[in-house]
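Okay, here's what each chain looks like letter by letter:
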Amino acid sequence: MSECASKGCSCTAEPIIHPTTPTPQTAGSAQVVYHIENMDCPTEEALIRSKLTGLAGVVGLEFNLMQRTLVVRHELPSLSPVEQALTAIGMQAVRMDQASAGQTTRLSIAKMDCPTEEALIRNKLGPMAGVSGLDFNLMQRTLSVRHTDQALPEVLMALQALGFEAQVMDAAEAAPSISPLTTPTNWWPLGISLVTASAAEVVYWLHNGNHWSVVVLALVAVFTGGLSTYKKGWIALKNRNLNMNALMSIAVTGAMLIGHWPEAAMVMVLFTLAEVIEAKSLDRARNAIRGLLDLSPEQATVLQPDGTWREVSAKQVAIGDRVRVKPGERIALDGEVLEGRSTINQAPITGESLPVEKSPGDPVFAGTINESGSFEYHVTAVASHSTLARIIHAVEAAQGSRAPTQRFVDQFARWYTPVVFGVAIAVALLPPLFMGAAWLEWIYRALVLLVVACPCALVISTPVSIVSGLAAAARHGILIKGGVYLEEGRKLRWLALDKTGTITHGKPAQTDFVACGTALTADSRSIAASLAARSDHPVSKAVAQAAQADAIALLDVAEFSALPGRGVQGQINGETYHLGNHRMLEELGQCTPELEQRIAELETVGKTVVMLVSAKGVHALFAVADTIKDSSRRAIAELHAMGINTTMLTGDNPHTAKAIAAQAGIDRAQGNLLPEDKLHEVEKLAQSGKVGMVGDGINDSPALARADIGFAMGAAGSDTAIETADVALMDDDLRKIPTFVRLSHATAQVLMQNIVLALGIKTVFLVLTFTGHATMWMAVFADMGASLLVVGNGLRLLRR
């Protein structure tokens, strides 16, 4: 499911496809399809619609928010007006026909870790010919560039001109690696700068004013500690970008020009020192989830062709190799147990430290701990594609996406800095020109304003909190696929749940068998088991397993097919048989009052009933019962305490649905539902607030896609769940959903605290600057101090 911001904005979700007009394509019109990466909400659709509808030559628009595509029907000689209009409103539009002809290159940029650098790069590369799209991940310092075959050298040259060293990443490098991402620091220049700046202050105090030695010491401090700031600031100014480096360079230079040498030196040193501390703090958040990879041992004991066992690098082990694990060892790679039994601590995957018993046929995961017993398993995934590695890769991708709050903050910062810069110029010029005020005093106040204009604390307040929240969730076995879902979890008002495998254990057992009419018991069980063995539904599995336990022989099945929401059918010995539920029985016209009574008796005690039916009539009834997980009852109680209502949506009969719902404490239950019925029920719930859907089967897919947040159960070992779910629970414990909601509340609180803190400090110092009470010392302390405070506050989420 796409990370749709319709789940993160205050607008009611609409149908996926929205044509502007029902008018068919006219004979003289052409059609072009755009992929718009940041169009995922009806709000953005309305913005694009209002911008393009008024363009002469545009005759129709068709939106698909789930796929983020826009079809434009037009009668234009050139698409430049359309593309310029989309660019003007900040939409990253790529023509699908051009995108398919180009390629995407992933670049690693070590010095790109702040929105100011992203803006600088975007402004430089965005207008370049041959570049059709840019995807930034500041937390991982990567940039994906969609471009034509000839454009890459020009892209690399443009980045070099901006002072960035970009390295092209191959597929292997793009995969998660054990090496953490850290910011290298050269402490010697910073140390020299700090000493000389302090000396300049002392000498200034001893001479009671400026002295040639003060100027020399200040210049040494500025250029040893702040040379990189000056370089970045000059590049930004050349590219007409007022980022923090440009503002700080102007402020420090201005302070030196008006004779404030010691203050200029100390401000530059403090700014550089705070940047280093901030970068180290961000590294902690950035590497919080990657640290889990250290849990996977680098060596594995592998069976060799000559029959001996040898330790080899885990990276060299191939799929299908046989690996042996001793008691107390960590498992190096994903696999399936072949021989032996043990108990394994799966906390790195599921977040639960209780040991899980493993026997032949059970899956094992890299990074988990073999607590007792020795066993052998065959490898099912190479080291770079283990479940743990894919979890980390998915979280890192989610960390690069923008949450709704971050979008607001980025938009605010985009206007805040130029406005304050304009105010600073006015402060420097207007009072001296029109009020006869002292030039140096008001120029100094303007320089203080420039320091206050740096939006660092504000723009960094959101991503560090979101990243910390995503990492904390992953440590608890909750894989959240984007900040939008982390923010929106606290707004859930309804949670819809599937029954089998979600609320219950999903391992039902056959409890009753009733032969009907003249049908022979052995024949009916053999035919039913033959059909059930071809299905992966838990009820069918229960029928097949009961037959296997009683040594019932299976028959050949021809033309087998599944009937979603009903059962299965197939031909045995030339006759068509159906094995399915009450709905199927009604559709086949085989219901009788006597049969209805027997079915009702079994269903009212919480059992699921399936019937074996042919053209001759009903041959047998099979009753199957499942048990509710204790964790499900506790999870439902916690959700109710949070004000979240619950409903069960199941394809099982209404009697069983209500019985299970009553035992679990669920508010209401809907039974006998097809996949499309579950979808309609979710749509009804969405009218009264945010709705989540929990499921683990293909029958739940439409409802999961429609819900504001789709939760996939038991995602460990499931590529599809990890890739498509909005929130993937790595085991089948429903208590992770209340944990997710609590984390969402905590993240929202931290985000609000950070934004209020950053804006509050800025507001206070804007007032102090105008009243003449603020100094550059105070301004830089406030700005960088606020940055460190919001980073530290965001990192608190890692401890939850």
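The structure under discussion appears in the preceding block.
The structure reproduced in this document is the subject of the present report. All values reported here derive from a predicted model rather than from experimental measurement.

In space, the seven strands of this open sheet follow the order β19-β31-β30-β29-β20-β27-β28, with mixed pairing throughout. Because the sheet does not close on itself, it has two edges, and the strands there are β19 (478-480) and β28 (668-670). On average, adjacent strands in this sheet sit at an angle of 20° to one another, irrespective of strand direction.

A separate point is the environment of R490. Summarising the element assignment, R490 is placed in the loop between α17 (483-488) and β20 (492-497). Spatially, the C-alpha atoms of R490 and R742 are 7.3 Å apart, while their sequence positions differ by 252 residues. In contact with R490, other than residues within four places in its own chain, are V741, S744, H745 and A748. For R490, the side chain forms a polar contact with the main-chain oxygen of E487, separated by 3.5 Å.

One non-glycine residue, N208, lies in positive phi territory at about 55°. Among the secondary structure elements, N208 is positioned in the loop between α7 (187-206) and α8 (212-225). Phi is positive for E559, close to 50°, though the residue is something other than glycine. Checked against the element boundaries, E559 lands in strand β22 (residues 558-563).

Within a beta sheet, neighbouring strands are joined by backbone hydrogen bonds and run either parallel or antiparallel to one another. With respect to topology, six strands assemble into an open sheet ordered β11-β10-β12-β18-β13-β16, the strand pairing being antiparallel. Single-partner strands in this sheet number two, and they are β11 (309-313) and β16 (363-364).

A surface patch of like charges, here positive, comprises R284, R475, R796 and R799. Tracing the sequence through the fold places R284 in helix α11 (residues 261-286).

This part is about the packing of aromatic side chains. This model, assessed by the stated rule, comprises four aromatic pairs. Here F375 and Y377 contribute two aromatic rings whose centre-to-centre distance is 6.0 Å and whose plane-to-plane angle is 40°, an arrangement assigned as tilted. Y377 gets classed as buried once you look at its relative accessible area, which sits at 0%. The ring of W309 carries the charged tip of R324 above its face, separated from the ring centre by 4.4 Å. The ring of W442 carries the charged tip of R445 above its face, separated from the ring centre by 4.2 Å.

In this structure the tally under the stated criterion is 17 salt bridges. Two residues, D677 and R583, come together in a salt bridge whose shortest N-O distance is 3.6 Å. In this pair, D677 sits in helix α24 (residues 675-686) while R583 sits in helix α20 (residues 582-587), placing the two residues 94 residues apart along the sequence. Using a relative accessible area of 23% as the deciding quantity, one classes D677 as partly exposed. The network of salt bridges with common partners includes R322, E339 and E376.

In this section: helix α27 (residues 736-771). Along its 36 residues, α27 runs 52 Å from first to last C-alpha, staying within 8% of the 52 Å computed at 1.5 Å per residue. Following α27 by one or two positions, G772 has its phi on the positive side, about 85°.

Rules of the game
Residues numbered from 1 in each chain as written. Predicted model: local features only at pLDDT ≥ 70, side-chain atom pairs only at ≥ 80, totals over all residues. Heavy atoms only, no water. Pairing = 2+ DSSP bridges. Helix = DSSP H or I, 4+ residues; strand = E, 2+ residues; numbered from the N terminus. Axes fitted to C-alpha atoms, helices over the stretch in contact; angles between N-to-C directions. Contact = heavy atoms within 4.5 Å. Polar contact = N/O pair within 3.5 Å; in protein donor to acceptor, adjacent residues only side chain to side chain. Patch = residues over 30% accessible without salt bridge, like charges linked within 9 Å, V, L, I, M, F, W, Y side chains within 5 Å. Areas by Shrake-Rupley, 256 points an atom, 1.4 Å probe, with all protein chains shown as cover. Salt bridge = Lys/Arg side-chain N within 4 Å of Asp/Glu carboxyl O. Lys, Arg positive; Asp, Glu negative; His and termini not counted. Charge placed at Lys NZ, Arg CZ, Asp CG, Glu CD. Phe/Tyr/Trp six-rings, centres within 6.5 Å; stacked < 30°, edge-to-face > 60°. Buried < 20%, exposed > 50% of the residue type's maximum accessible area, 1.4 Å probe, protein only. Lys NZ or Arg CZ within 6 Å of the ring centre and 35° of its normal. Expected span 1.5 Å × (residues − 1).

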